[in-house]
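Letter by letter, the chains look like this.
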Amino acid sequence: MAKIVPRHVIVDGVPLVALTEQEYESLAASRRQFGSHVVRLRMTREALTSLTRVAGAMCALLRAGEVPAETSRKAPDGSRQRSYGLLSALEAAVEQAQRVIGKQPEASPGAANGPGRKR
């Protein structure tokens, strides 16, 4: 589409910009698209915030050695209660993030190192 050259007009002493009907429709469509992108960005930010918060808490437990080597899904007790709750929260945050970003291909075991990096 060609660049729109604004036409300035004055109506009752108020400076305005005149648009053709086609220019107005194009502008309205752009505003609707922008609005949907803002909503999607907000959802993405919320999912990422939740995921990083829970992952950070889980990392802190792992560093402190408080997470048992095998976290049972059966009735957790003692120190397992906190790690079980965090594991459940982490799984929920990952599921939320996956819903927001859409279906992604499964990562290979070495993918955590990033592309082009060696272990």
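Residues numbered from 1 in each chain as written. Predicted model: local features only at pLDDT ≥ 70, side-chain atom pairs only at ≥ 80, totals over all residues. Heavy atoms only, no water.

A. Seen up close, the overall build of the protein. Across its full length, the protein carries two helices and two strands. The order of helices and strands in the protein, counted from the N terminus, is β-β-α-α. Here the protein, with 119 residues, has 12% of them falling under the buried criterion. For the protein, contacts bridging at least 24 residues in sequence account for 41% of all contacts bridging at least 6. Roughly 9900 Å² of accessible area belongs to the protein as shown, and the carbon and sulfur atoms make up 58% of that amount. (Helix = DSSP H or I, 4+ residues; strand = E, 2+ residues; numbered from the N terminus. Buried < 20%, exposed > 50% of the residue type's maximum accessible area, 1.4 Å probe, protein only. Contact = heavy atoms within 4.5 Å. Areas by Shrake-Rupley, 256 points an atom, 1.4 Å probe, with all protein chains shown as cover.)

B. How the structure looks around unusual backbone geometry. The phi angle at aspartate 12 is positive, at roughly 55°, despite the residue not being glycine. By the secondary structure assignment, aspartate 12 is in the loop between β1 (7–11) and β2 (14–18).

C. The nonpolar core, seen in detail. Counting five residues, the largest nonpolar core consists of Val54, Met58, Leu61, Leu86 and Leu90. The biggest single contributor to this core is helix α1 (residues 21–64), with three residues. (Core = buried A, V, L, I, M, F, W, Y, C linked by side-chain atoms within 4.5 Å.)

D. Structural view of the pairing of β1. Of the pairings in the sheet, the one linking β1 to β2 comprises five bridges and is antiparallel in character. Bridge pairing in β2 places histidine 8 opposite valine 17. Hairpin connection of β1 to β2: two residues between the antiparallel strands, including aspartate 12 at a positive phi of 55°. (Pairing = 2+ DSSP bridges.)

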